[in-house]
Amino acid sequence: LVFNVWKGRNFYGPGGEYHLFAGRDATRLLAKTIVREETDEEASKPLNIGERAALAGWMFTLKNKYEVVGKLQDFDPSSTAM
């Protein structure tokens, strides 16, 4: 999903602690609760059940806080399903 995070612009804007999540697919970063780029090796591994559960928690929070404004084209939901 694509969220309008304008209300949280201080977090997601330049210099904000979550700026890395803005303007991109942040699925894996949210699932892994990291605020840095994954290595190629990390990115090649599927999400484990704990990471998928963490992502579900993030999705609950984001859906309740921000407006959904779209969906990512060509996103495979099975890659993050519980």
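Chemist: Explain the overall build of the chain to me, please; I cannot follow it from the model alone.
Modeler: The helix and strand tally for the chain stands at four helices and two strands. Mapped from its N terminus to its C terminus, the chain presents α and β elements in the order β-α-α-α-α-β. For a compact globule of 82 residues, the expected C-alpha radius of gyration is about 12 Å, and the chain comes in at 13 Å, within 12% of that figure. Referenced to the eigenvectors of the C-alpha coordinate spread, the extents of the chain come out at roughly 30 × 25 × 25 Å.

Chemist: Help me out: how do you make sense of the pattern of salt bridges in this one?
Modeler: Note that side chains of opposite charge can pair when their charged atoms are close. Under the criterion given, the structure shown has six salt bridges. When the shortest N-O distance is used, the salt bridge between E42 and R36 registers 3.0 Å. Looking at E42, the relative accessible area reads 22%, which means it is partly exposed. Look at R36 and you get partly exposed, because its relative accessible area is 39%. Overlapping salt bridges bring together R28, K32, E38 and E51 as one network.

Chemist: Can you walk me through helix α4 (residues 49–65) in this structure?
Modeler: Structurally, the α-helix is built with 3.6 residues per turn, so residues lying three or four positions apart point the same way. With 17 residues, α4 should cover 24 Å at 1.5 Å per step; its first-to-last C-alpha distance of 24 Å lies within 8% of that length. Listed as buried for α4 are E51, R52, L55 and L62. Summarising the axial view, the buried residues of α4 lie within an arc of 95°, below the 170-degree limit, and thus occupy one face. Opposite the buried face of α4, at more than 90 degrees from it, the exposed residues are I49, F60 and N64. Buried positions along α4 lie against β1 (2–4), α1 (9–12) and α2 (27–32).

Chemist: I tried to follow the nonpolar core on my own but got confused; where do I start?
Modeler: Within soluble globular proteins, side chains that are nonpolar tend to cluster in buried spots. The biggest cluster of nonpolar side chains holds 13 residues, and the ones touching the most others in it are Y12, F21, L29, L30, L62 and Y66. Sorting the residues of this core by element identifies α2 and α4 as the ones contributing at least two each. A total of three residues in this core trace back to one element, the largest contributor, which is α2. Discounting chain neighbours no more than four positions away, the residues touching Y66 are F3, N4, V5, K7, G8 and Y12.

Chemist: Mind showing me how you'd approach the environment of V2 here?
Modeler: Along the chain, the position of V2 falls in strand β1. Its relative accessible area of 30% is what places V2 among the partly exposed residues. C-alpha of V2 to C-alpha of P46: the two residues are 44 residues apart in sequence and 22 Å apart in space. Once you skip the residues sitting within four places of it in the chain, V2 turns out to touch E67, V68, V69, G70, K71 and L72.

Cut-off values and rules
- Counting restarts for each chain: residues are numbered from 1 in the order of the written sequence.
- Per-residue local features of the predicted model are confined to residues with pLDDT of at least 70, and side-chain atom pairs are confined, for both listing and counting, to 80 or more; whole-chain, interface and lining totals are unaffected and use all residues.
- For the side-chain quantities, the full set of heavy atoms in the structure was used; hydrogens and water were omitted.
- Strands are runs of DSSP state E lasting at least two residues, helices are runs of H or I lasting at least four, and both sets are numbered from the N terminus onward.
- Radius of gyration here uses only the C-alpha atoms, and the compact-globule reference equals 2.2 Å multiplied by the residue count raised to the power 0.38.
- Any Lys or Arg side-chain nitrogen located within 4 Å of an Asp or Glu carboxyl oxygen qualifies as a salt bridge.
- Partly exposed residues are those whose accessible area sits between 20% and 50% of the maximum for their type, while under 20% is buried and over 50% is exposed, using a 1.4 Å probe and protein chains only.
- Multiplying 1.5 Å by the residue count of a helix minus one yields the expected span of that helix.
- Arc definition: it is the arc formed by the directions from the helix axis to the C-beta atoms.
- Every residue pair with non-hydrogen atoms within 4.5 Å of one another is taken to be in contact.
- We define the nonpolar core as a collection of buried residues of types Ala, Val, Leu, Ile, Met, Phe, Trp, Tyr and Cys that are connected through side-chain atoms lying within 4.5 Å of one another.

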